[in-house]
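# Breakdown of the fold
Below, each chain spelled out in residue letters.
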Amino acid sequence: MSRMLRDRPAGWEQVRAAQIAELARLCGGAVLAQIGCAAVLAALLWGAAPSWQLIGWLAAVAAVAIDIHRLARRARRGTGPAASGAPVRRAVARAILLGALWAIPPAFLSGTGTIEQQLAICLVSAAIIASAAMVAAPVPPAMLGFILIGSAGLTAMMVKTGSWLLAALPVGYAAFLTAGGLLNARAFVRRQWAEIALTEKRAVVSLLLRESGDRDGGWLWQTDAGRCLRSVSPAFAQAAAATPEALEHMPMFRLLAGENWETADHPQELRELLNRMNARERFIEFELPVAILDETRWWRLSGAPREDERGGFAGYHGVGSDITEARRSADKIDRMARFDALTGLANRTAFNEALRKALGRCFREKGQCALMLIDLDRFKAVNDTLGHPVGDKLLRLVAQRLLGLIGPADTCGRLGGDEFALVVANAADIARIDALGEAIIAALSAPFEIDEQIVRVGASVGTAIGPRDGRSAEMLVRNADLALYRAKEDGRGLHQRFEPNLLARAEKRRAIESALRDAMDRRELRLSYQPVVRARDGRISGFEALLRWTHAELGEVAPDEFIPIASEARLLSQIGEWVIRSACAEAARWPDHVRLHVNLAREQMVDPQLPAIILSALAQSGLPPSRLELEVGEKAFREDSAAVSAAADRLRALSVRISLDDFGTCASALGHIRQGRFSTVKIDRSLIVAAADRDPDALGLIRAIVALTGTLGMDTTAEGTETDAEQRVARDLGCTHFQGFLTGAPATPDDARAMIAGTLRRTA
């Protein structure tokens, strides 16, 4: 039975609702008849049985009959759970209870009455049982329950007579009524199914007619039982680029498939439509490509099977329309949503889908794929100097060069800005992937000609191999990004494949960043001071404030390690302000001739709040501006020359000194020296070491720097002098100051003050 309930057709709920509605319709008069017959029978039996029994029985019959009527009306109005079957089950239960109540008079009250009373019981009970066959027939379980239990009472009454023939009469009577009621119920259900089918057909016809009337360019179509076209309309023939006569009797499949209809190579949509028509199923708004005059058009078809006068299959009829233009517009919108408008490459969404598909194919076929993330070097400088239109053209040319390097199974995408990516579908040969990475760098490092200008950029590439380096798209992207970060960290213009130690480094970076956010609150940061001495007499002219950090778990973290992390985490301005304020407060305790040197990162230099921070620190500490010397690395001018130059001019207006740090690694700041932006030039240690080894290029460059700065009235500091030879050559070449472990290691504030006072011997 449970299997039958599971397999019921889709319209069964409608049939069940109709049963409840029919029961509710017939219940009104039946309830009055039940109560009236019960009242008449109680009056006739008055005196033959205790009055309280008759009154109680009458009240029970009335209550159950009224409850059945209430339940049916409630379900008919839709306020009860008709679709769940609960009203049917409740109606059956109440019908059984009502039948049991009507079995009481013949079974228990007939033995004490007169012959007239016994006849009344027999006639009224038989009439009530017969009425159940008519009223409850829409709900067969309720009808059966009432008839069987009610007739059981009559049978018990007849058994008391001692005549088996009389006892068999109620059984036969009940069987006759049951058979008739079931026939009526079956006819009722058949009518309901017929009405449902008719309603569905009307809905299909209405839909088809509505489509035909609402859509421009729609047409009607019809086939016979062999799926050959019949009664071809002019509109249909026009859509098919043929005449109605040419299409008449043509197999519809041949029209839809075009000239290659006899081959097995057909679109999936056409094969699915053919399967539906073979199964004689109706279909609504089915879209498929159609070959019309060597052009692929898109049609939308709706159709339903039609029957002949004997109910047999007679073919299909339906409506159709040409939706080619709408389809092309939808494809264009889809392409815009999935492809980068500037370069035509896959955007981030489409690229991630391609990556997931490639990774899934690797799992199925036990293969490998590669994700290559590509970041352009110096692209920001192109945008800033040549303008965004040139930058856009450059990105389009980059896309073209990348497409020329990959195979047809690979995917190239632009993830945003100057970030590109490749999915290499077959990465079984790692050497090929390495070669591709080098080819990408070479292709993007070659000059671009844009608007009669030569533009040069470069690229860094990070690669992760799937599923070896990541079993999900997210893991591959993360690990390829770590490899790309390492390539840029190592100097840019490099290809780096992911290695497990990169993940460990990334975890350490995250731990450092997390701990660094609380370092100042926990007073873990401190300043050390390294002396700067005059070359002519060895006296201390100043101290450079050096930031140090000691963490309870990480231990001593080197500045070269945590300062870049602070810059990426946007903590450098906050930490830099603490350094300036703390160092100024300490320097105010030194003699007037001792200057304070403080390093500034590029991010600090271009911070518009920096002048206000410096003025506030000087005012709070009482340190004269002339005793503060701010050091700016030469690299900052190379990366963002215009912004850093403007910031340096703003700082000079505060009367503080500006020092050019690490000079000599490139010539990017030479013009700024000539413009007199600096008070001091600090020669990079690499030049000092080379000069000590008597490198002629280094010797010549230092002589030129000293001559230029001397002419402009600037001091020259030799950085990192750690040996006597290095200090000697720096003095001989004319450097005015030394800084390094030979003249003094970084010291605590107390030791720095003692060093000034001459109570602490300087050590190498």
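Before reading on, note that the structure itself is shown above.
This is a predicted model, so every value here is computed, not measured.

## Examining the overall build of the protein chain
Helices and strands together make up the secondary structure of the protein chain, namely 29 helices and 20 strands. Scored against the burial criterion, the 764 residues of the protein chain give a buried share of 46%. Residue pairs at least 24 apart in sequence account for 64% of intrachain contacts in the protein chain once pairs closer than 6 positions are excluded. Roughly 38,100 Å² of accessible area belongs to the protein chain as shown, and the carbon and sulfur atoms make up 55% of that amount.

## Some points on the sheet that holds strand 2 (residues 283-292)
Strand order across the open sheet formed by four strands is 1-4-3-2, with antiparallel pairing between neighbours. Of all strands in the sheet, those with a lone pairing partner are strand 1 (219-222) and strand 2, marking the two edges. Adjacent strand axes in the sheet meet at a mean angle of 35 degrees when their direction is disregarded. Packing of helix 11 (residues 268-278) onto the sheet brings it into contact with strand 2, strand 3 (295-307) and strand 4 (313-322), and relative to strand 2 it is tilted by some 130 degrees.

## Structural notes on the sheet that holds strand 11 (residues 495-497)
A sheet is described by the order of its strands in space; here five strands give the open sequence 6-7-5-10-11, paired in mixed fashion. On the outer flanks of this sheet lie strand 6 (411-416) and strand 11, each paired with one strand and no other. When the angles between neighbouring strand axes are averaged without regard to direction, this sheet yields 20 degrees. Relative to strand 10 (residues 458-466), strand 5 (residues 369-377) runs antiparallel, the two being bridged by nine bridges. When the bridges of strand 10 are listed, Leu371 appears paired with Ala464. Across the face of the sheet, helix 15 (residues 388-403) comes into contact with strand 5, strand 6 and strand 7 (419-424) while running at roughly 15 degrees to strand 7.

## Description of the side chain of Arg300
Relative to the helices and strands, Arg300 is located in strand 3. Accessibility expressed as a relative area gives 16% for Arg300, which makes it buried. A polar atom in the side chain of Arg300 sits 2.8 Å from the side chain of Glu287.

## Here's the deal with helix 13 (residues 348-365)
Counting along an α-helix, one turn takes 3.6 residues, and residues three or four places apart therefore face a common direction. Between its first and last C-alpha, helix 13 extends 26 Å over 18 residues, near the 26 Å set by a 1.5 Å rise per residue. Those residues of helix 13 that sit buried are Ala350, Phe351, Ala354, Leu355, Ala358, Leu359 and Cys362. The opening residue of helix 13 is Asn347, an N-cap whose side-chain oxygen sits 3.2 Å from the backbone nitrogen of Thr349. Following helix 13 by one or two positions, Lys366 has its phi on the positive side, about 55 degrees.

## Let's talk about the pairing of strand 6
Two strands pair when backbone bridges link them, and strand 6 and strand 7 are joined in this way by five bridges, in the antiparallel orientation. Across the sheet, Thr411 pairs through a bridge with Val423, a residue of strand 7. Between strand 6 and strand 7, which follow one another and run antiparallel, lie two residues, and Gly417 among them has a positive phi close to 60 degrees.

## Section: the packing of helix 18 (residues 500-516) against helix 19 (residues 559-568)
At their nearest, the axes of helix 18 and helix 19 sit 10 Å apart, and the two run at 75 degrees to each other. Viewed along their axes, helix 18 and helix 19 adopt a mutual orientation that is roughly perpendicular. Contact with helix 18, carried on its side by Lys508, Arg509, Ile512, Glu513 and Leu516, involves Glu561, Phe562, Ile565, Ala566 and Glu568 of helix 19 and no other residues of that element. Residue classes in the contact of helix 18 with helix 19 are distributed as five nonpolar, no polar and five charged.

## Let's talk about helix 18
Taking 1.5 Å of rise per residue, 17 residues should cover 24 Å, and helix 18 covers 25 Å from first to last C-alpha, within 8% of that figure. Considered for burial, the residues of helix 18 that qualify are Leu502, Ala506, Arg509, Ile512, Ala515 and Leu516. Its buried side turned inward, helix 18 meets helix 17 (473-489), strand 11, strand 13 (540-551), strand 14 (555-557), helix 19 and helix 20 (572-587).

## Focus on the environment of Tyr316
Looking at the element boundaries, Tyr316 is found in strand 4. Accessibility expressed as a relative area gives 0% for Tyr316, which makes it buried. Separated by 10 residues in the primary sequence, Tyr316 and Arg306 have C-alpha atoms spaced 5.5 Å apart. Here the side chain of Tyr316 touches Arg276 through a polar contact of 3.5 Å, landing on its backbone oxygen. A distance of 2.5 Å separates a polar atom in the side chain of Tyr316 from the backbone oxygen of Glu281.

## Focus: the nonpolar core
Among the nonpolar cores identified, the biggest contains 73 residues, and Leu596, Ile614, Leu628 and Leu651 are the most heavily contacted of them. The greatest single-element share of this core, amounting to seven residues, is contributed by helix 20. If near-sequence neighbours (up to four positions away) are discounted, Leu596 is found in contact with Tyr529, Phe543, Ala545, Ala583, Cys584, Ala587, Trp590, Leu623, Arg627, Leu628 and Glu629. In this structure, Leu394, Ala399, Leu402 and Ile433 belong to the second largest nonpolar core, which totals 32 residues.

## Section: the pattern of salt bridges
All told, the structure shown has 40 salt bridges when counted by the stated rule. One salt bridge connects Asp451 with Lys393, and the closest N-O pair in it is separated by 2.9 Å. With Asp451 in the loop between strand 8 (448-450) and strand 9 (453-455) and Lys393 in helix 15, the pair connects residues that are 58 residues apart, well separated along the chain. The exposure class assigned to Asp451 is partly exposed, which follows from its relative accessible area of 45%. Residue class for Lys393 comes out partly exposed when judged on its relative accessible area of 32%. One salt bridge connects Lys682 with Glu631, and the closest N-O pair in it is separated by 2.9 Å. Of this pair, Lys682 sits in strand 18 (residues 680-683) while Glu631 is found in strand 16 (residues 628-633), placing the two residues 51 residues apart along the sequence. For Lys682, a relative accessible area of 2% corresponds to the buried category.

## Considering unusual backbone geometry
Backbone torsion omega between Gly466 and Pro467 reads 0 degrees, so that peptide bond is classified as cis. You will see that Arg227, though not glycine, has its phi angle at about 60 degrees, which is positive. Position of Arg227 among the secondary structure elements: in the loop between strand 1 and helix 8 (234-239). Located in the positive-phi region is Arg694, a residue other than glycine, with phi close to 65 degrees.

## Points about the packing of helix 5 (residues 115-135) against helix 6 (residues 140-159)
Packing of helix 5 against helix 6 brings their axes to within 9 Å, and their N-to-C directions diverge by 160 degrees. One element, helix 5, and the other, helix 6, form an angle in the roughly antiparallel class. Helix 6 is crossed by helix 5, and the crossing has left-handed handedness. Contact residues: Gln118, Ile121, Cys122, Ser125, Ala126, Ile128, Ile129, Ala132 and Ala133 in helix 5; Met143, Phe146, Ile147, Gly150, Ser151, Leu154, Met157 and Met158 in helix 6. A per-class count over the contact of helix 5 with helix 6 returns 13 nonpolar, four polar and no charged.

Rules used in this analysis
Residues numbered from 1 in each chain as written. Predicted model: local features only at pLDDT ≥ 70, side-chain atom pairs only at ≥ 80, totals over all residues. Heavy atoms only, no water. Helix = DSSP H or I, 4+ residues; strand = E, 2+ residues; numbered from the N terminus. Buried < 20%, exposed > 50% of the residue type's maximum accessible area, 1.4 Å probe, protein only. Contact = heavy atoms within 4.5 Å. Areas by Shrake-Rupley, 256 points an atom, 1.4 Å probe, with all protein chains shown as cover. Pairing = 2+ DSSP bridges. Axes fitted to C-alpha atoms, helices over the stretch in contact; angles between N-to-C directions. Polar contact = N/O pair within 3.5 Å; in protein donor to acceptor, adjacent residues only side chain to side chain. Expected span 1.5 Å × (residues − 1). Parallel < 35°, antiparallel > 145°, perpendicular 65-115°, else oblique. Nonpolar A, V, L, I, M, F, W, Y, C, P; charged D, E, K, R; others polar. Core = buried A, V, L, I, M, F, W, Y, C linked by side-chain atoms within 4.5 Å. Salt bridge = Lys/Arg side-chain N within 4 Å of Asp/Glu carboxyl O. Left-handed = near helix turned anticlockwise from the far one by under 90°.

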